[in-house]
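Summary of the model geometry
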Amino acid sequence: MTKDYGRYFNRPSHKKARKRVSKETAHIDFDKHINIKNIGVGKHYLLQTYGCQGNEADSETMQGILEALGFKPTDKEEKADIIILNTCAIRENAENRVFGELGRLKQYKTTKPDLLLAVAGCMPQEESVVNRLLEKYPYVDLIFGTHNIYKLPEYIETALHGKERVVEVFSEEGQIVENMPKRRDHPAKAWVNIMFGCDEFCTYCVVPYTRGKERSRAMGDILAEVDSLIKEGYQEVTLLGQNVNAYGRDKADSNISFAALLEALGKTAINRVRFTTSHPNDFDQATIDVIAKYDNMMPHIHLPVQSGSDSVLKKMNRKYTKASYLALIEAIKANIPGVSITTDIIVGFPTETEADFLETLDLVEQVDFEGAFTFVFSPRANTPAAKYEDKISLSEKKSRLKRLNERINAGYKKGHERFYQTTQYVLVDGLSKKSDKILAGYTPHNKLVNMPGEADLIGKIVPVNITEAKTWFLKGEIIGKP
Ligand code: SAH
Ligand code: SF4
Ligand code: F3S
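A brief look at the structure comes next.

1. Thoughts on helix α11 (residues 322-335)
With 14 residues, α11 ought to run about 20 Å at 1.5 Å a step, and its terminal C-alpha atoms sit 20 Å apart, in line with that. In this fold, the buried residues of α11 make contact with α9 (285-293), β15 (300-302), α10 (310-316), β16 (340-347) and α12 (354-367).

2. Here's the deal with the sheet that holds strand β17 (residues 372-376)
Pairing within the open sheet is parallel, and its three strands lie in the order β15-β16-β17. With one partner strand each, in any of the chains shown, β15 and β17 form the two edges of the open sheet. Between one strand and the next, the sheet's axes are offset by a mean angle of 10 degrees, whatever the strand orientation. By the bridge criterion, five bridges tie β16 to β17 in an arrangement that is parallel. Counterpart to T343 in the pairing with β17 is A372.

3. Regarding unusual backbone geometry
Backbone torsion omega between T276 and T277 reads 5 degrees, so that peptide bond is classified as cis. Secondary-structure assignment places T277 in the loop between β14 (272-276) and α9. Here K319, not a glycine, exhibits a phi torsion of approximately 70 degrees, which is positive. Mapped onto the elements of the fold, K319 is located in the loop between α10 and α11.

4. Concerning the packing of aromatic side chains
Following the criterion strictly, the structure yields 11 aromatic pairs and no others. Ring plane angle 80 degrees and centroid distance 5.9 Å describe the contact between F349 and Y388, whose orientation is recorded as edge-to-face. With F349 in the loop between β16 and α12 and Y388 in the loop between β17 and α13 (394-417), the pair connects residues that are 39 residues apart, well separated along the chain. A relative accessible area of 0% means that F349 is categorised as buried.

5. Topic: the pattern of salt bridges
Applying the stated criterion to the full structure yields 40 salt bridges. A salt bridge links R400 to E396, with the nearest nitrogen and oxygen atoms 3.0 Å apart. Of this pair, R400 and E396 both sit in helix α13, four residues apart, roughly one helical turn. We classify R400 as buried; its relative accessible area is 5%.

Rules behind the numbers
Residues numbered from 1 in each chain as written. Chains lettered and ligands numbered in written order. Predicted model: local features only at pLDDT ≥ 70, side-chain atom pairs only at ≥ 80, totals over all residues. Heavy atoms only, no water. Helix = DSSP H or I, 4+ residues; strand = E, 2+ residues; numbered from the N terminus. Expected span 1.5 Å × (residues − 1). Contact = heavy atoms within 4.5 Å. Pairing = 2+ DSSP bridges. Axes fitted to C-alpha atoms, helices over the stretch in contact; angles between N-to-C directions. Phe/Tyr/Trp six-rings, centres within 6.5 Å; stacked < 30°, edge-to-face > 60°. Buried < 20%, exposed > 50% of the residue type's maximum accessible area, 1.4 Å probe, protein only. Salt bridge = Lys/Arg side-chain N within 4 Å of Asp/Glu carboxyl O.

Listed below in structure tokens is the structure:
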């Protein structure tokens, strides 16, 4: 079992994480850093991912690194030589799940003393979390954050051979690391990071601290990645960033923008382009135009609104109003006919009154969202909103969430019904959860379709006649081979 701190002991600092510097981020190549081959040969890893698509993409990188070192995947805890939890800090319940899981996994440290237990991702970026881990979970061998995944080989080597505990979290992002190995989870759909970090500082949110300053990948690197994905047979890419519409804002060259990136991708042979997440404040007409122009830009936009009340939006530091959001939606709908719009909403923000909440319900009614992730506000350590006086009772918060979800669920159903008895092109994802005779996949509008079919269609785009519309999915029948 690892005992002491050795070479690595570097805790996060909130003060440093808050800092923003204007200099452009340097790019480095991963290859120079991987010098410890084969340390995983004959060993197995188990990786658990929490949180957003950004974390899913990071996990695919960790898988790539682990497999480059010789580790093989396993889903059996008792078989694993290293267990990594790639964590999320966005709400308290996300964190509680991880602490619960660590408590449960402790047993394996007793039965298998050489097991390495690692906590990675957004939680270690927080001072309070690392302090709690060091105090209450001393059996965790490796703690690292979102900025230093590329150092995983040396961390594992140190813990494995040196038997030293590794705690290394950088609060200031160093550089963009290109060419890290990846083991992607899906054969036809790929995540493509276009930028990292967030400079929005919404008052409720930890992400600007856990992910650092906004920094964009070079357009050439993104296009090269998509190009090789096309060659490998991928059908769909989802461009990832906390605020994709800010892509290029940190670059000196003003020609580099999200719209310019989409324009370049519109001309490639990739069949489907999606992106997440958009911020209403930076979603411009040029972006709308380019989505409307190219057939491979999917007609689904996830545009988090958070609240329909101007006073709550102001307290959240969202920098737009209900009216400006509605105007943007109108422009999107006018230019991209039939577009599906989904959103994120927080209820029970500390200052939210019943009247504010009714503004949110009214906005939901006006936009006619076809889906939403809805949350009760969760105070996060060191964020401005955590200090706002919260006068709303828990039962009131729950009741607002219930009232909101009733309207949102009606939107899901309506969003499915409009495709009844139409032909939809479905990218077949895999088998449905319920049966190995039923395939599952997504339409351009991102609607889930279940249909009878054979597994050899997985990864293909097939025409499907929609025969039934449910609240959560569509049913259909394949009407020909691709
Ligand atoms: N960058 C994206 C997503 C951020 S996290 C965006 O700006 O939309 C995903 C969602 O989690 C947010 O949109 C928000 O609705 C929710 N969220 C973030 N912090 C939260 C908090 N402290 N309490 C409750 N929900 C929160
Ligand atoms: Fe958080 Fe706001 Fe940034 Fe989204 S835009 S990650 S909600 S600070
Ligand atoms: Fe969670 Fe970090 Fe994503 S806090 S939502 S995993 S950026």
